Amino acid sequence: MRRCALPLLVLVACASPPRAGEHVVTAPQAFASEQAVPLDFEIDGRLNADSQDPATLRTLIKAQLLFTIGPLNAERSVGRLGLLDVSDVHATEVVVTPEPADGDAGAPSPPPPPRYDVTYHAKLPVAWAGSTIPTSYTFTLPARLGAADQSAFAAKYGAKCVDPAEGPAEAGHMFVIYRPRQSGCVLAADDVVTFTANVTPSAELTRGKYPEYHRVWKDEALNVVALFTHEYAKPTEGDEGALAYDDFVWRMREYIRLLQPNAGKRSEPKLSQAPSAAGISTLRLAAELPDGRSMKLDVRLVGTALGDEGPAFDEWYDGVTPAADIILFNGHAGLGDNVRALMNKGAFRSGQYLIWFANGCDTIAYVDHTLAERRASLNPDDPNGTKYLDTVTNVMAGYFSELEATGTTFLRAFVEVRYPEIGPKTYEEIFKQIDPEQVAVVTGEEDNELEPLPPSRFPPGPPPGALVPKPAEPEPAEPEPESDPTADAPPPVQAKGSRARDGGCGVSPSSDAGFELAALGALFIALAARQRSRRSTAR
């Protein structure tokens, strides 16, 4: 998953305007994090274009602002590009005098294609986790953003002007690892534009907000949907996404066993090996807990691209999401494609409170109002779409090797809130316990209220302590011809922390790089292979 970003250029170019009478969420989204703060960047930008079509220009602008991801990532920050607001777009034609044609006694050449200087104003919310909060920030971004222009830019600067741990860059992911301040990076004046954003603190910052535990447990059940993507598009030994899926299943199974020792009140698959090795990509863990409540986890391992999962996935997902209290997506953001796809998937019901956690690469950059609008349409008492929805994302990377720990820690906060020795934690307190490299953020929690948990009883016994460490290697199997092949044994997966913090960001390293024209014919979608190593994240 390491640092990935979204091809927002395509998202905007292909987006449809709302229909008359359609509910559209326009309210800003509140923001809380243990490390990051929200800032507002006001930008007066410029670029060069060969069109003055308004839709094309807006697409080019958003393509240019994609290149803010790399510099801001270097500051442990990222722009919330899904909430970008662009206005005051103006195109002025540049008059170019044709040069005389060779060998034709001063006869002019055919007129060159028209070129335009484009200016615009943009408001870009930024999640900032840098050491010092700026009052201004200078960007140096590509001046031309067509497909051929971006390929040329990557060919010219993809070795010197990128994160050295990530490069050399291809056009499809240069915007993610672009580092114009990198030592040795010399950018030709004609290839870039430089402008300074005015930076102010956002009014959307909130502190000390709790998840709405009382809503989660209102029906005395905790229902969780957890998705994990493969690391590679093609079957590959040691796939970190599959290993994270195996780790999570193993860990949560052991946790549920601590909560409910009575096997007769648990439902779990019988595993003689790791689920992914056994070809089990979908499973359910469930238990009736000793205090009368219940817990259910529907877990699925998917490919690198959610858009390729097809009707079978949609049918399964539509079946498990209506009652879900928590949805955890873990793995490749797919250059934003997976995040956008997930926001448009699932079946929801009115009044159902949901915490939606996209644990991937720079996922806060990709989240727009889509999910909030869908939720608002179900709830007349929730015009902003946040009363029954909290959205958790990452500013930075979510490492494959940390996916299991992040998911387990997050879910334990909702189970163990019922123990008086632990009690409720704020979002910031939960985020403190997960990998700090990912810089987790919650939005839409500004309307949350902490209320007593119904009913006022507590589970028997002390809360479960630290979980049993996972074995680093499987125990050698003794030949037992008469043994039951479905005997329930811990899956042979690696110990927590034994794997490198590695992963690819955005697309699978086995994906093919290439260009496709957007609907308006303005820009490309480049799916470029890359495996991250910088701080090695699984984004």
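Above: the structure in question.
Report on the accompanying structure. Note that the coordinates shown come from a computational prediction; the quantities given were computed from them, not determined experimentally.

For the rest of this paragraph, the subject is the overall build of the protein chain. Within the protein chain, the regular secondary structure consists of 12 helices and 15 strands. Residue burial in the protein chain is summarised as follows: out of 539 residues, 54% are buried. Residue pairs at least 24 apart in sequence account for 81% of intrachain contacts in the protein chain once pairs closer than 6 positions are excluded. Counting only carbon and sulfur atoms, one obtains 52% of the accessible surface of the protein chain, whose full area is about 21900 Å².

Moving residue by residue along a regular strand, the side chains alternate between the two faces of the sheet. Counting buried residues along strand β14 (residues 389-394), six of its six residues qualify, which places the element largely inside the surrounding structure. The side-chain alternation of β14 yields two buried faces, one formed by L389, T391 and T393 and the other by D390, V392 and N394. Sheet topology places strand β13 (residues 354-359) next to β14; four bridges connect them, and they run parallel. Residue W356 lies in a different strand from β14, and its bridge partner there is T391. For the handedness criterion, the β-α-β arrangement of β13, helix α10 (residues 370-378) and β14 is classed as right-handed. Of the strand pairs in this sheet, β14 and strand β15 (residues 440-443) are connected by four bridges, and their pairing is antiparallel.

Moving on, we get to the environment of D149. With respect to the element layout, D149 can be found in helix α4 (residues 147-157). Take D149: its relative accessible area is 29%, and that puts it in the partly exposed class.

Attention now moves to the nonpolar core. If you look at soluble globular proteins, the nonpolar side chains tend to sit buried side by side. Counting 86 residues, the largest nonpolar core has F41, Y317 and W356 as its most contacted members. For this core, the element with the most residues is strand β5 (residues 115-128), which contributes eight residues. Among residues more than four places away in sequence, those in contact with W356 are Y317, I327, V339, L342, M343, V367, L371, L389, D390, T391 and V392. Counting residues in hydrophobic clusters, the runner-up holds 47 residues, among them V216, F248, Y419 and I434.

What follows covers the packing of helix α7 (residues 240-259) against helix α11 (residues 403-416). Two numbers describe a pair of packed helices, the interaxial angle and the distance between the axes. At a minimum axis separation of 9 Å, α7 and α11 run at an interaxial angle of 25°. Relative to α11, the element α7 is oriented roughly parallel. Note that α7 runs across α11; the crossing there is right-handed. Contacts between α7 and α11 involve A244, D247, F248, R251, M252, Y255 and L259 on the former and, on the latter, L403, E404, G407, T408, L411, R412, V415 and E416.

A few words now on helix α8 (residues 310-320). Listed as buried for α8 are F313, W316, Y317 and V320. All buried residues of α8 lie within an arc of 95° about the axis, which places them on one face of the element. In α8, the exposed residues that point more than 90 degrees away from the buried face are P311, E315 and G319. In the core, the buried residues of α8 are packed alongside β8 (221-229), β10 (282-288), β11 (294-302), β12 (326-330), α9 (337-343) and β13.

Counting buried positions along β8 yields nine of nine residues, so the element is predominantly enclosed. Both faces of β8 are covered, namely the face carrying A221, N223, V225, L227 and T229 and the face carrying L222, V224, A226 and F228. As judged from the nine bridges shared by β8 and β11, these two strands associate in the parallel manner. Within the sheet, the bridge partner assigned to T229 lies in β11 and is V302. Bridge count for β8 against β12 is five bridges, and the pairing is parallel.

In this structure the tally under the stated criterion is 18 aromatic pairs. Ring geometry for F67 and F153: centres 6.1 Å apart, planes at 80°, overall edge-to-face. Highlighted residues: F67 in the loop between α2 (54-66) and α3 (69-73) and F153 in helix α4, separated in sequence by 86 residues. A relative accessible area of 6% places F153 in the buried class. With 5.1 Å between their ring centres and 65° between their planes, F357 and F410 make a pair best called edge-to-face. In this pair, F357 sits in strand β13 while F410 sits in helix α11, placing the two residues 53 residues apart along the sequence. What makes F357 buried here is its relative accessible area of 2%.

Strand order in this open sheet of nine strands is β1-β15-β14-β13-β12-β8-β11-β10-β9, and the pairing throughout is mixed. Lying at the two open borders of the sheet, with one neighbouring strand each, are β1 (31-33) and β9 (266-267). Taken strand by strand, α11 contacts β8, β11, β12, β13 and β14, and its axis lies near 170° from that of β12.

Within this structure, the stated rule accounts for 17 salt bridges. Between E268 and R257 there is a salt bridge, with its nearest N and O atoms 2.6 Å apart. Here the residue E268 occupies a position in the loop between β9 and β10, and R257 occupies one in helix α7, the gap between them amounting to 11 residues. Residue classification places E268 among the partly exposed residues on the basis of a relative accessible area of 22%. Judged by relative accessible area, which is 24%, R257 ranks as partly exposed. In the salt-bridge network here, residues are joined through shared partners; they are R253, E254, R257, R266 and E268.

Let us now look at the environment of N394. Within the secondary structure layout, N394 lies in strand β14. Given a relative accessible area of 0%, N394 falls into the buried group. C-alpha separation for the pair N394 and I364, spaced 30 residues apart in sequence, amounts to 5.6 Å. Within the local environment of N394, its side chain forms a polar contact with the side chain of N359, the two groups lying 2.8 Å apart.

Across all of its chains, the model carries one disulfide by this definition. Here C161 engages in a disulfide with C185; their sulfurs sit 2.0 Å apart. Because the sign of the S-S torsion sets the handedness, a value of about 100° for the bond joining C161 and C185 places this disulfide among the right-handed ones. With C161 in the loop between α4 and α5 (174-177) and C185 in the loop between α5 and β7 (192-201), this pair connects stretches of sequence that are 24 residues apart. Under the relative-accessibility criterion, C185 is labelled buried at 14%.

Here is what the cut-offs are and how they apply
Residues numbered from 1 in each chain as written. Predicted model: local features only at pLDDT ≥ 70, side-chain atom pairs only at ≥ 80, totals over all residues. Heavy atoms only, no water. Helix = DSSP H or I, 4+ residues; strand = E, 2+ residues; numbered from the N terminus. Buried < 20%, exposed > 50% of the residue type's maximum accessible area, 1.4 Å probe, protein only. Contact = heavy atoms within 4.5 Å. Areas by Shrake-Rupley, 256 points an atom, 1.4 Å probe, with all protein chains shown as cover. Pairing = 2+ DSSP bridges. Right-handed = clockwise from strand over helix to strand, strands pointing away. Core = buried A, V, L, I, M, F, W, Y, C linked by side-chain atoms within 4.5 Å. Axes fitted to C-alpha atoms, helices over the stretch in contact; angles between N-to-C directions. Parallel < 35°, antiparallel > 145°, perpendicular 65-115°, else oblique. Left-handed = near helix turned anticlockwise from the far one by under 90°. Arc of directions from axis to C-beta. Phe/Tyr/Trp six-rings, centres within 6.5 Å; stacked < 30°, edge-to-face > 60°. Salt bridge = Lys/Arg side-chain N within 4 Å of Asp/Glu carboxyl O. Polar contact = N/O pair within 3.5 Å; in protein donor to acceptor, adjacent residues only side chain to side chain. Disulfide = S-S within 2.5 Å.

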